[in-house]
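What follows is the residue order along each chain.
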Amino acid sequence: MTDVLHPPVSAEGHGEDHAHEAHHGPTGILKWLTTTDHKVIGLSYTITAVIMMVIGGFFAELIRAQLASPNGHLVSLAQYNELFTMHGSVMIYLFVGPFAFGALANFIVPIQIGAPDMAFPRLNALSYWLYLTGSITMLSGFFTAGGAANFGWVGYAPLSNSLNAPGTGADLWIGGLLLTGFSAIFTGVNLCATIFYLRAPGMTMFRMPIFTWNLLVTAILILLAFPVLTAGLIMLYADRHLSTHIYSVAGGGVPVLWQHIFWFWGHPEVYILALPFFGMATEIIAVFSRKPVFGYKGMVFATLTIAALSLGVWAHHMFTTGVVLLPFFSIMSLLIAVPTGIKIFNWIGTMWRGQVWFSTAMLMAIGFVVTFLIGGLTGIYLASPPLDFFTHDTYFVVAHFHSVVMALVLGAMGGLYYWAPKITGYLLNERVGKLQFWFLFIGTQVFTFPQYVLGLEGMPRRIALYPHNPEWKMLNEWSSIGALMIGISTLLFIVNIVISWKKNPAGDNPWDAHTLEWFTTSPPPHHNFYRLPPIRSERPTWDYNHPEHRTLGHGSHRDEVAADVEKVHHS
């Protein structure tokens, strides 16, 4: 049973005296194969997602090596098509998404709200195995006679039909996406049920951490968007094998229907990917600024606004098709920048006059904010139809998209450095971590900025050679140097894990953090908590450790917290 503690004057050692009860169950490899513990499943997601990041990054290095010269011969044209298709697919479908709402969400969210596990532990385990199976299925296309999928990660019809993309690789791409899509849907159901029904006493909706709020909104978006993609993929498979002609003009179908279906999923997906990292950055910036989140409720309502608007802007990817209403989708695309701007304002407000500690996690979070801001500002240009017509299908769009995705990679690294002590019980090396940050942050800008210029000079997407435009060579070389720096940063991360393994015990709360997961032991016991602090604000661990502070809580909660502190001082 979990006890509720009353806050003492000095709360040192609140985690050290926990009696660690042995949990009887499978051990070793059998534990990993049969577990329904959300922490083990979250760690499985994390390891798998990081492996997918390394694989997708390796594909990117091959692409940039090919493009470093106008007549590159590293890979054939057919292999290049497979590489850019699978690079995008691995990074979006198999790394960023599962890491965001599968890895850290699985491990952290139940502990942040004081729950013993996810609402449906067996469904949670099934979600992970579907993700792993889908990842293997998609990548196995490389081992077929015709090679992997080669029509781009967006799978546009009719490029993805059986005539233009014959072979098993395309079918395995569709099958892998269906499996990972069902994994995401089941995870969305589980997160919603867990957050709505398993919160600890006192954990009201407006006392939940921002990270948990963002995962709740993400889960709702998953349930709205992923079934649409699933239906579109089933219809695409039917076109390929059952002669249904849903996306074929010859049979009375409409090819542009695939774009509507894909981007109705794809634009909410941008925020399905981004919102968890917004939450990570919010937690990290508040803790390492030694301040509460500036504008807590404003952050919550900005998140809800982003989610609502993200469902109405899908056709800004389709301005040049001539089948969408340009003013409406342009205005909607510009509007969504407003709540995102509010978040950036609140992050700056949180850091303003704070006692900022530039740890590796904090540097990664700041790098995330800066890089996402660059990607967001260039997205505003693409929301204007005249500018979009000029830059559509050029490297400007590639640069914009990579600014956003590399921001998410920075956010992911920030989350790993921040929560690694809670997950493993040990700290990662800060010196190596900061070196990794500078390689990653500078490498990202060196990688993307030349691509913006290349796009404005007219370099199209999805080309492996440019012999008639040798003037693009220098900018492509710089972009490839940036990609190499990003690759070095990944190697530094792996080195950091190796040299830090079980070297520097972290304690229960090495950052003096705010939220509930930092109250339990590191790593947490099987059912997460043996006791809980009273929850009077969105910072229960901070309240417990700092009862002398009276500036806690919001609105009507402030007097309640002050009364608790007065009782402590009189006792």
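Computed from a predicted structure; not experimentally measured.

**Focus: the overall build of the protein**
When helices and strands are tallied, the protein shows 17 helices and two strands. Over its C-alpha trace the protein gives a radius of gyration of 24 Å, about what one expects of a compact globule, namely 25 Å for 571 residues. Over its C-alpha atoms, taken along the principal directions, the protein stretches across nearly 80 × 50 × 50 Å. Burial analysis of the protein (571 residues in total) assigns 58% to the buried set. Relative to all contacts within the protein whose residues are 6 or more apart in sequence, the contacts with residues 24 or more apart total 81%. Total accessible area computed for the protein in this model is approximately 22,700 Å², and 69% of it derives from carbon and sulfur atoms.

**Regarding the nonpolar core**
Within the largest apolar cluster, 160 residues are counted, with the highest numbers of intra-cluster contacts made by Tyr-93, Phe-95, Phe-99, Trp-173, Phe-368 and Tyr-418. For this core, the leading source of residues is helix H3 (residues 77–112), giving 21 residues. Residue contacts for Phe-95: discarding those within four places in its chain leaves Ala-49, Met-52, Met-53, Val-90, Val-409 and Ala-412. Counting six residues, the second-largest nonpolar core is a separate cluster that includes Ile-374, Phe-396, Val-397 and Tyr-452.

**Topic: the layout of surface pockets**
By volume, the second largest pocket is sized at about 1,300 Å³. Looking at the second largest pocket, it is lined by 40 residues, and the ones nearest its centre are Trp-32, Lys-39, Leu-43, Phe-107 and Ile-423. At the level of elements, helix H1 (28–34), helix H2 (38–67), helix H13 (395–424) and helix H15 (473–500) are the ones that each hand at least two residues to the lining of the second largest pocket. Per-element tally for the lining of the second largest pocket: the top contributor is H2, with eight residues. Looking at the lining of the second largest pocket residue by residue, the classes come out as 23 nonpolar, eleven polar and six charged.

**A few points about the environment of Val-405**
In this fold, Val-405 is placed in helix H13. The class for Val-405 is buried, based on a relative accessible area of 9%. When the C-alpha positions of Val-405 and Met-52 are compared, they lie 14 Å apart, and in sequence the two are 353 residues distant.

**Observations regarding the pattern of salt bridges**
If you walk through the whole model with that rule in mind, you get five salt bridges. What you see here is one network of salt bridges that share partners, running through Asp-393, Arg-461 and Arg-462.

**Digging into the side chain of Ser-480**
Looking at the element boundaries, Ser-480 is found in helix H15. Owing to a relative accessible area of 12%, Ser-480 belongs among the buried residues under this scheme. Those residues within four positions of Ser-480 in sequence are excluded, and the remaining contacts are Arg-64 and Ala-68.

**Focus on H15**
In this model H15 runs 40 Å from its N-terminal to its C-terminal C-alpha over 28 residues, within 8% of the 40 Å that 1.5 Å per residue would give. Of the residues one or two after H15, Lys-502 is the one with positive phi, at around 60 degrees.

**Some words on a nonpolar patch on the surface**
On the surface, Ile-29, Leu-30, Trp-32, Leu-33, Ile-47 and Ile-51 cluster together into a nonpolar patch covering about 570 Å² of accessible area. Looking at the nonpolar patch, the elements that each hand over two or more residues are H1 and H2. It is H1 that provides the largest number of residues to the nonpolar patch, a total of four residues. Inspection of the secondary structure assignment puts Ile-47 in helix H2. For Ile-47, a relative accessible area of 42% puts it in the partly exposed group.

**Quick word on the packing of helix H7 (residues 256–288) against helix H10 (residues 337–351)**
Following both chains from N to C, one finds H7 and H10 inclined at 15 degrees, their axes separated by 10 Å at the closest point. The orientation of H7 with respect to H10, classified from their angle, is roughly parallel. In this structure, H7 meets H10 at a crossing whose hand is left-handed. Of H10, the residues touching H7 (which contributes Tyr-271, Phe-278, Ala-281, Thr-282, Ile-285 and Ala-286) are Thr-340, Lys-343, Trp-347, Thr-350 and Met-351. Residues that form the contact of H7 with H10 fall into these classes: seven nonpolar, three polar and one charged.

**Describing the packing of aromatic side chains**
Scanning the entire structure with this criterion turns up 48 aromatic pairs. When the ring of Trp-153 is compared with that of Phe-262, the centres are 5.8 Å apart and the planes differ by 65 degrees; the resulting orientation is edge-to-face. Within this pair, whereas Trp-153 is found in the loop between helix H4 (121–139) and helix H5 (168–197), its partner Phe-262 is found in helix H7, the two being separated by 109 residues in sequence. Pair check on accessibility: Trp-153 and Phe-262 agree, each one buried. Joined through ring pairs, the aromatic side chains of Tyr-93, Phe-101, Phe-151, Trp-153, Trp-173, Phe-226, Tyr-247, Trp-258, Phe-262, Trp-263, Trp-265 and Phe-401 make up one cluster. The ring of Phe-206 has Lys-297 sitting right over it, with the charged end atom 5.3 Å from the ring centre.

**Things to note about the packing of helix H14 (residues 430–456) against H15**
One can describe the packing of H14 onto H15 by two numbers: an axis separation of 7 Å at closest approach and a directional angle of 160 degrees. One finds that H14 runs roughly antiparallel with respect to H15. Between H14 and H15 the crossing geometry is left-handed. Among the residues making up the contact of H14 with H15, the classes are represented as 19 nonpolar, ten polar and no charged.

**Quick notes on H14**
In this model H14 runs 39 Å from its N-terminal to its C-terminal C-alpha over 27 residues, within 8% of the 39 Å that 1.5 Å per residue would give. Capping of H14 at its N-terminal end is provided by Asn-429; its side-chain oxygen lies 2.9 Å from the backbone amide nitrogen of Arg-431. Looking one or two places after H14, you find Gly-458, whose phi comes out positive at around 100 degrees.

**Considerations on the side chain of His-400**
With respect to the element layout, His-400 can be found in helix H13. Not counting residues within four places of it along the chain, the set of residues in contact with His-400 comprises Gly-375, Thr-378, Gly-379, Leu-382 and Tyr-452.

**Points about the confidence of the model for the protein**
Per-residue confidence for the protein gives a mean pLDDT of 91, with 92% of residues at or over 70. Note on residues 7–21: pLDDT is under 50 here. Beyond four places in sequence and across chains, it has 27 contacts. Within the model, pLDDT remains below 50 along residues 550–571, and this stretch shows 27 contacts once partners closer than five positions in the same chain are excluded.

**So, the environment of Phe-277**
For Phe-277, the location among the structural elements is in helix H7. When the C-alpha positions of Phe-277 and Gly-455 are compared, they lie 28 Å apart, and in sequence the two are 178 residues distant. Among all residues touching Phe-277, those that are not within four sequence positions of it are Val-96, Phe-99, Ala-100, Phe-368, Leu-408, Gly-411 and Ala-412.

Definitions and cut-offs
- Residues numbered from 1 in each chain as written.
- Predicted model: local features only at pLDDT ≥ 70, side-chain atom pairs only at ≥ 80, totals over all residues.
- Heavy atoms only, no water.
- Helix = DSSP H or I, 4+ residues; strand = E, 2+ residues; numbered from the N terminus.
- Rg over C-alpha atoms; globule rule 2.2 N^0.38 Å.
- Buried < 20%, exposed > 50% of the residue type's maximum accessible area, 1.4 Å probe, protein only.
- Contact = heavy atoms within 4.5 Å.
- Areas by Shrake-Rupley, 256 points an atom, 1.4 Å probe, with all protein chains shown as cover.
- Core = buried A, V, L, I, M, F, W, Y, C linked by side-chain atoms within 4.5 Å.
- 1 Å grid on protein atoms, 1.4 Å probe; cavity = no way out; pocket = protein on both sides within 12 Å on 5 of 7 lines; lining within 4 Å.
- Points joined across faces, edges and corners; volume = space filled by probe spheres on them.
- Nonpolar A, V, L, I, M, F, W, Y, C, P; charged D, E, K, R; others polar.
- Salt bridge = Lys/Arg side-chain N within 4 Å of Asp/Glu carboxyl O.
- Expected span 1.5 Å × (residues − 1).
- Patch = residues over 30% accessible without salt bridge, like charges linked within 9 Å, V, L, I, M, F, W, Y side chains within 5 Å.
- Axes fitted to C-alpha atoms, helices over the stretch in contact; angles between N-to-C directions.
- Parallel < 35°, antiparallel > 145°, perpendicular 65-115°, else oblique.
- Left-handed = near helix turned anticlockwise from the far one by under 90°.
- Phe/Tyr/Trp six-rings, centres within 6.5 Å; stacked < 30°, edge-to-face > 60°.
- Lys NZ or Arg CZ within 6 Å of the ring centre and 35° of its normal.
- Polar contact = N/O pair within 3.5 Å; in protein donor to acceptor, adjacent residues only side chain to side chain.
- pLDDT = per-residue confidence, 0-100.

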